[in-house]
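This is what each chain is made of:
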Amino acid sequence: MNEIHTEVAIVGAGLIGGSAALALARAGVSVTLIERGVAGACASGVNFGGVRRQGRAPDQLTLAARAHEIWPHLRELIGIDGEYVRSGHMKLARTQGDLVKLAAYRQKVEGFGLDLEIVEGAEFRRRFPCFGAEVIGGSLCPEDGQANPRLVAPAFALAAERAGARLLQQCNLICFSHEGDAFVLKSADGRVIRASVLVNAAGAWGARIATAFGDEVPMRIKHPTMAVTEPLPPITSVSIGIEGGGFYARQVARGNVVMGGGFGEAVGEDVCRPGGAAMAALGRNAPAILPGLAHASIIRYWSGIEGYFDDKNPVLGHSTRQPGLIHAFGFSGAGFQISPAVGEVVADLARGRTSPLIDAAVFSPARFS
Amino acid sequence: MSDARIAVVGAGPAGLRAAETLVAQGQDVTLIDEADFAGGQIYRQPPAALARPAATLYGAQAEQAQAIHALGRELAGKLDYRRATSVWHARPGRLDLLHAGQVDSLDYSRIVLATGATDRPMPFDGWTRPGVFTLGGAQVALKYQGCVVGERVVFTGTGPLLYLVAYQYAKAGAKVVAVHDSAPFAEQARHAWAMTALPGMLARGLYYVGWLRAHGIPVRYGMTPRRVIGDARVEGLVSAGIDGRQREDACDAIATGFGLRSENQIADLLGCDFAFDPINSTWNPAKDPAGRSSVAEVYLAGDGAGIGGADQAELDGERVAWALLQHSGVAAPPRRIAELDAALVRSRRFRQAIDQAFALPALARFDLHDEVMLCRCEAIRVGEVRQAVRDAGITDLNRLKALTRVGMGRCQGRMCSTGAACVLAETACVSLAQVGRVRAQPPIKPVPLSAYVDADPASSGVQA
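Note that the coordinates shown come from a computational prediction; the quantities given were computed from them, not determined experimentally. (Residues numbered from 1 in each chain as written. Chains lettered and ligands numbered in written order. Predicted model: local features only at pLDDT ≥ 70, side-chain atom pairs only at ≥ 80, totals over all residues. Heavy atoms only, no water.)

**Points about the overall build of chain A**
If you tally the helices and strands in chain A, you get 11 helices and 22 strands. Since a compact globule built from 369 residues should have a radius of gyration of about 21 Å, the 21 Å found for chain A is in line with a globular shape. Dimensions of chain A, computed from C-alpha atoms along their principal axes, come out at roughly 70 × 40 × 40 Å. The proportion of buried residues among the 369 residues of chain A is 60%. Residue pairs in contact within chain A that sit at least 24 positions apart in sequence constitute 72% of those at least 6 positions apart. When the 35 positive and 34 negative side-chain charges of chain A are each reduced to one mean point, those points stand 3 Å apart. (Helix = DSSP H or I, 4+ residues; strand = E, 2+ residues; numbered from the N terminus. Rg over C-alpha atoms; globule rule 2.2 N^0.38 Å. Buried < 20%, exposed > 50% of the residue type's maximum accessible area, 1.4 Å probe, protein only. Contact = heavy atoms within 4.5 Å. Lys, Arg positive; Asp, Glu negative; His and termini not counted. Charge placed at Lys NZ, Arg CZ, Asp CG, Glu CD.)

**With respect to the overall build of chain B**
Within chain B one finds 15 helices and 23 strands. Projected onto the principal axes, the alpha-carbon positions of chain B cover approximately 65 × 50 × 40 Å. Counting across all 464 residues of chain B, residues that qualify as buried make up 58%. By sequence separation, contacts in chain B at least 24 residues apart represent 67% of the contacts at least 6 residues apart. As displayed, chain B offers around 18,200 Å² of accessible surface, 53% of which is attributable to carbon and sulfur atoms. Treating the 49 positive side-chain charges of chain B as one cloud and the 47 negative ones as another, the clouds have centres 4 Å apart. (Areas by Shrake-Rupley, 256 points an atom, 1.4 Å probe, with all protein chains shown as cover.)

**So, the packing of helix α1 (residues 13–24) of chain B against helix α3 (residues 62–76) of chain B**
All names here are of chain B. Between α1 and α3, the least distance of the axes is 10 Å, while the angle of their chain directions is 45 degrees. Viewed along their axes, α1 and α3 adopt a mutual orientation that is oblique. Judged by the twist between their axes, the crossing of α1 over α3 is left-handed. On α3, the residues that touch P13, L16, R17, A19, E20 and V23 of α1 are A67, I68, L71, G72 and L75. (Axes fitted to C-alpha atoms, helices over the stretch in contact; angles between N-to-C directions. Parallel < 35°, antiparallel > 145°, perpendicular 65-115°, else oblique. Left-handed = near helix turned anticlockwise from the far one by under 90°.)

**Observations regarding the nonpolar core**
Counting residues in each nonpolar core, the largest one holds 59 residues, and the members touching the most others are V8, I10, L63, W71, V152 and L316 of chain A. Here the element with the most residues in this core is helix α1 (residues 15–26) of chain A; it accounts for 8 residues. Other than its neighbours up to four places away in sequence, L63 of chain A contacts L316, I338, A341, V342, V345, L357 and I358 of chain A. Residues A178, V228, V423 and V438 of chain B belong to the second largest nonpolar core, which totals 40 residues. (Core = buried A, V, L, I, M, F, W, Y, C linked by side-chain atoms within 4.5 Å.)

**Some thoughts on the interface of chain A and chain B**
Listed per partner, the contact involves 34 residues of chain A and 34 residues of chain B. Summed over both partners, the interface of chain A with chain B buries about 2,800 Å², with 54% contributed by carbon and sulfur atoms. In this assembly, chain A and chain B are joined by 2 salt bridges. Close ionic contact of R254 of chain A with E378 of chain B constitutes a salt bridge, the shortest N to O distance being 3.1 Å. Inspection of the chain A/chain B interface yields 11 residue pairs in polar contact (both at pLDDT 80 or more). For the side of chain A that touches chain B, the secondary-structure elements that each account for two or more residues are α7 (149–162), α9 (276–289) and β19 (297–303) of chain A. (Buried area = accessible area lost by both parts, 1.4 Å probe. Salt bridge = Lys/Arg side-chain N within 4 Å of Asp/Glu carboxyl O. Polar contact = N/O pair within 3.5 Å; in protein donor to acceptor, adjacent residues only side chain to side chain.)

**Some points on the sheet that holds strand β15 (residues 246–250) of chain B**
Residue and element names in this part refer to chain B. Taking strand neighbours across the sheet as the criterion, the 3 strands line up as β13-β14-β15 in an open arrangement whose pairing is antiparallel. At either margin of the open sheet sits one strand with a lone partner, and together these are β13 (224–229) and β15. This sheet shows a mean twist of 25 degrees between the axes of neighbouring strands, independent of strand direction. Here 5 bridges tie strand β14 (residues 236–240) to β15, and the two strands are oriented antiparallel to one another. Counted as the bridge partner of L237 is D249 from β15. (Pairing = 2+ DSSP bridges.)

**Some points on the packing of aromatic side chains**
Tallied over the entire structure, the rule returns 21 aromatic pairs over all chains. Seen from their ring centres, F124 of chain A and F131 of chain A are 5.6 Å apart, and the 10 degrees between their planes marks the pair as stacked. The class of F131 of chain A is buried, set by a relative accessible area of 5%. The ring centre of W205 of chain A lies 4.7 Å from the NZ or CZ of R36 of chain A, which sits over that ring. The positively charged end of R437 of chain B is found above the aromatic ring belonging to F274 of chain B, 3.7 Å away from the centroid. (Phe/Tyr/Trp six-rings, centres within 6.5 Å; stacked < 30°, edge-to-face > 60°. Lys NZ or Arg CZ within 6 Å of the ring centre and 35° of its normal.)

**Focus on the sheet that holds strand β9 (residues 132–134) of chain B**
Residues and elements named next belong to chain B. The 5 strands are arranged β9-β16-β10-β11-β12 in an open sheet whose pairing can be described as parallel. On the outer flanks of this sheet lie β9 and β12 (219–221), each paired with one strand and no other. Across the sheet, the axes of successive neighbouring strands diverge by a mean angle of 20 degrees, strand direction being ignored. As paired elements, β9 and strand β16 (residues 253–258) share 3 bridges and run parallel to each other. For V132, the partnering residue across the bridge sits in β16 and is I254. Where helix α4 (residues 135–143) meets the sheet, its contacts fall on β9, β10 (152–158) and β16, and the angle it forms with β9 comes to roughly 90 degrees.

**Some words on the pattern of salt bridges**
Residue and element names in this part refer to chain A. Summed over all chains, the structure comprises 44 salt bridges over all chains. Residues R127 and E123 are paired through a salt bridge, measuring 2.9 Å at the closest nitrogen-oxygen approach. Of this pair, R127 and E123 both sit in helix α6 (residues 121–127), 4 residues apart, which is roughly one turn of the helix. Take R127: its relative accessible area is 31%, and that puts it in the partly exposed class. Judged by relative accessible area, which is 32%, E123 ranks as partly exposed. The salt bridge involving R273 is made with E265; its shortest N-O contact spans 2.8 Å.

**Focus: the packing of helix α5 (residues 160–171) of chain B against helix α7 (residues 199–214) of chain B**
Residue and element names in this part refer to chain B. Contact geometry for α5 and α7: axes closest at 9 Å, N-to-C directions at 45 degrees. The pairing of α5 with α7 is recorded here as oblique in orientation. Two packed elements cross with a definite hand, and for α5 against α7 that hand is left-handed. Contacts between α5 and α7 pair Y163, L164, A166, Y167, A170 and K171 from the former with Y207, Y208, V209, W211 and L212 from the latter. Residues belonging to the contact of α5 with α7 are distributed by class as follows: 10 nonpolar, no polar and 1 charged. (Nonpolar A, V, L, I, M, F, W, Y, C, P; charged D, E, K, R; others polar.)

**A short note on the side chain of N284 of chain B**
All names here are of chain B. Residue position: N284 is located in strand β19 (residues 282–285). Exposure remark for N284: the relative accessible area of 10% places this residue in the buried category. A polar contact of 3.5 Å, which involves the side chain of N284, links it to the side chain of S262. Among all residues touching N284, those that are not within four sequence positions of it are S262, N264, D273, F274, A275, D277, A305 and G306.

**What about the confidence of the model for chain B?**
Residues and elements named next belong to chain B. Considering every residue of chain B, the mean pLDDT works out to 93; 97% of them sit at 70 or more. Confidence drops under a pLDDT of 50 for residues 458–464, and excluding neighbours within four residues, the segment shows 17 contacts in the predicted structure. Across the assembled chains, the prediction reports ipTM 0.90 with pTM 0.93. (pLDDT = per-residue confidence, 0-100.)

**A closer look at α5 of chain B**
Residues and elements named next belong to chain B. Taking 1.5 Å of rise per residue, the 12 residues of α5 would be expected to cover 16 Å, and the 17 Å separating its terminal C-alpha atoms lies within 8% of that figure. Taken across its 12 residues, α5 has 10 buried, putting it largely inside the fold. Taken as a whole, α5 has its buried residues at L161, L162, Y163, L164, V165, A166, Y167, Q168, Y169 and A170. (Expected span 1.5 Å × (residues − 1).)

Here it is in structure tokens:
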């Protein structure tokens, strides 16, 4: 009696699963979105919130360009604007060598519409007086920005539900199989879901599902350490990253500065916490890069559980072993901006089409074999 | 050496008695306390410049206060005493500390959490206006700083502290306009018999009420605060009785609190199980009668694991120390254990009656309209929360926090989570137990970024 029949079953109601479910539901496909906890509460909901194209490899920039078109229309799509603003994204340089790398990147991505501007010297100081002496310049992407993942992530799943998707929360799947012509998923509380197509959007838990169907992928789990200050007077309008990584920050409209850098640690399988070394590094780096933070206090540290691949690309595409299985996980700490477009890619693949937004070979799980 | 180090967090009655017992058995103890001097909130010592006689400061409890202070001084030479130090994060085996504006850490093998309690305010129209204080805040002003929060003060809320602070204010020369207890008189009368479990305590409570009445101070039962009068600061308070009839009292300050709330964030961060206490409408870390938590290394004593008051905290502290010692093979003296256990049973029976007599009033009695501030740190009003609960079908307090920012600010929900839980439960038509509790996140209290300036990367690091 507890059996649900659906055309497409999506495991994981984070940003990827939510946007895929929304795209499918809007296309009139019968879709069931299954979440172990509540929608958008894992890494999708607790990530840094940078909506940035800058820094991505050209392989991702077609996808990122499509997402860039979608973000300003979030309200029409999911009912809220998600506090999205095109604040600009500045990737900082601490050395001349960093500036050379930033210039090389600008050249590499010409033609993708990022409109990168390298700012340095006196002009950098004049236009961006917020940065400390150890920062000597940066690369500005004026139309990149930021949004609030806490709000955006669950909103995609809820919008999908309104558009006709079936949303199953608190549904912990314990058994994945393919029998005859259907996937059969069983939950701990006895529910059974049968689907023709299965989408694995399980984030940090995606590799486990892939393994269940014979796809072995070398994903590593990491836990970025993030922090937020109390509300402060305006310090920076642009969202900030730094060449070489290790620090990122943005200031929200209310005045809090959200920042991150370094990684935390796992506590058992599904729980993590911010790392001591990362917290200390943030304490040293943040005021050096943004002297306006010298007297600020951190009111909250947190972390999330994310899947990473060494090539920084997700696994996004058909299983190499199981027909009908589509993977979309392991976004390597950079899934937030592209997620609305990834949903469209998954919707295309689930309906047997190819997607113009990706080069299938680049994202295929086959690239590891 | 740190293999056997026992950390005791809190130098109030519970923590001091625990430390005393442990030290007497030759244990290696580090005592960590936020204050400069021992005593906890209840026996807080003023700075030297504002010193006053114990009888003035602590009234009927002067003797206990002095004994606790003396114990603090005595222990200072016998253990590693970290004064003016707060624990802002806890991981198994390691505490993150903040002292003199700098971070530090402490490794421990076992830990006694005697973290005490703070006020439990409830929101009402105007409760964030200048001139409205918590009962504990009003008491701290008096005990620590030697000043009063206003010249004409209304005390509104419930619990034993309501009468005690009102009494202390009147004794200090402030005009106590009225004492408004949200609990109906009938409730207190009904549970008075159970309170005879501790006749001394009952007598003390009755004494305060009697004294207030004898000095012409109106004590009204079944009254909840509804609205603060005055735009820039407090000019009066509108209250309502059980029958809904309203009255207005002119005043220049309001002290309010609806019982106390355990400071249990460290227990939460260390993974202790929690249980809902339906009488006190709150979540507390679960513990056995001797104070063992669900985590083997973590022991709980005093108000930090459920409100029991100062006298019970002293018993708790000693009892939990014996439980810890027993774990490390030190035999506990059976007669003393039997005495402690019997005293704790009496005390808990008394406390249960107190909790029933001074229950958290139903939210409806505050008649909150949508514009009332709920979370003052993040400036979230009641209406926004009601809207979010309806729109997103929220039934869980952490989900509410994620979607509305309630409890996400400086206080991390310490001040607003009771009100938020009540509004959530009422709007979603579920019980307070069902909405759960706000998960503790580090830092427990804000940590300045400058605290890392001199930090040794090796000592603060877990892994790169």
